[in-house]
Amino acid sequence: KYDSPVGLNELNNSATKINAYPNPFNSSTTLYIDNELITKNVNFILLDSYGKEVKTIHNIQDSELKINRENLSNGFYIFKIVQDAKIISTGKLIIQ
């Protein structure tokens, strides 16, 4: 039995709360990250709908992370919050 359409397994984010506002967005959005996640070696990775890495922000230091659109196309994106090569949270962003 398959529980995940398209092969994307969602992490249980009940313990790792991250919210993005606004989402969808045009020029920028802000991720609000649970303070418990802000430790050493925490990185933000943004993937396009094909799974290609399109943006990375290393060493997140603050519970608010502004994401600028820059040269990103309209569409659906998935982000990962990674610590020491381990995914600790995921989420979705939409650019209009």
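Here, the structure is the one placed above.
Residues numbered from 1 in each chain as written. Predicted model: local features only at pLDDT ≥ 70, side-chain atom pairs only at ≥ 80, totals over all residues. Heavy atoms only, no water.

Description of the overall build of the protein chain
Step number 1: Across its full length, the protein chain carries 0 helices and 7 strands.
Step number 2: For the protein chain, contacts bridging at least 24 residues in sequence account for 51% of all contacts bridging at least 6.
Step number 3: Accessible surface, the protein chain as shown: approximately 6,500 Å² in total, 47% of it carbon and sulfur. (Helix = DSSP H or I, 4+ residues; strand = E, 2+ residues; numbered from the N terminus. Contact = heavy atoms within 4.5 Å. Areas by Shrake-Rupley, 256 points an atom, 1.4 Å probe, with all protein chains shown as cover.)

Description of the pairing of strand β4 (residues 53-57)
Step number 1: Of the strand pairs in this sheet, strand β3 (residues 42-47) and β4 are connected by 4 bridges, and their pairing is antiparallel. The partner of Phe44 across the bridge, within β4, is Ile57. (Pairing = 2+ DSSP bridges.)

Here's the deal with the environment of Thr39
Step number 1: Along the chain, Thr39 falls in the loop between β2 (28-33) and β3.
Step number 2: Judged by relative accessible area, which is 37%, Thr39 ranks as partly exposed.
Step number 3: Distance from Thr39 to Ile60, taken between C-alpha atoms, is 8.1 Å for residues 21 residues apart in sequence.
Step number 4: Once residues lying within four places of it in the same chain are set aside, the contact partners of Thr39 are Ile60 and Gln83. (Buried < 20%, exposed > 50% of the residue type's maximum accessible area, 1.4 Å probe, protein only.)

Some thoughts on the sheet that holds β4
Paired through their backbone hydrogen bonds, the strands of a sheet run either parallel or antiparallel.
Step number 1: Across the sheet, which stays open at both edges, the 4 strands sit in the order β4-β3-β6-β7 with antiparallel pairing between neighbours. The open sheet has two edge strands with one neighbour each: β4 and β7 (86-95). In this sheet, neighbouring strand axes are inclined to one another by 20 degrees on average, regardless of whether the strands run parallel or antiparallel.
Step number 2: With 6 bridges joining them, β3 and strand β6 (residues 75-83) adopt antiparallel strand pairing. Among the inter-strand pairings, Asn43 is bridged to a residue of β6, identified as Val82. (Axes fitted to C-alpha atoms, helices over the stretch in contact; angles between N-to-C directions.)

Comments concerning the pairing of β7
Step number 1: As defined by bridge partners, β6 adjoins β7 across 9 bridges and the pair is classed as antiparallel. Across the sheet, the residue bridging to Ile78 is Lys92, located in β7.
Step number 2: Taking the residues that link successive antiparallel strands as the turn, the β6-β7 hairpin has 2 residues, and the phi of Asp84 there is positive, at about 50 degrees.

Focus on the pattern of salt bridges
Opposite charge on two side chains permits them to pair, given that their charged atoms come into close proximity.
Step number 1: Following the criterion strictly, the structure yields 1 salt bridge and no others.
Step number 2: A salt bridge links Glu70 to Lys55; the shortest N-O distance between them is 2.7 Å. Of this pair, Glu70 sits in the loop between β5 (64-68) and β6 while Lys55 is found in strand β4, placing the two residues 15 residues apart along the sequence.
Step number 3: For Glu70, a relative accessible area of 60% corresponds to the exposed category. (Salt bridge = Lys/Arg side-chain N within 4 Å of Asp/Glu carboxyl O.)

Taken by themselves, the reported measurements are silent on function.
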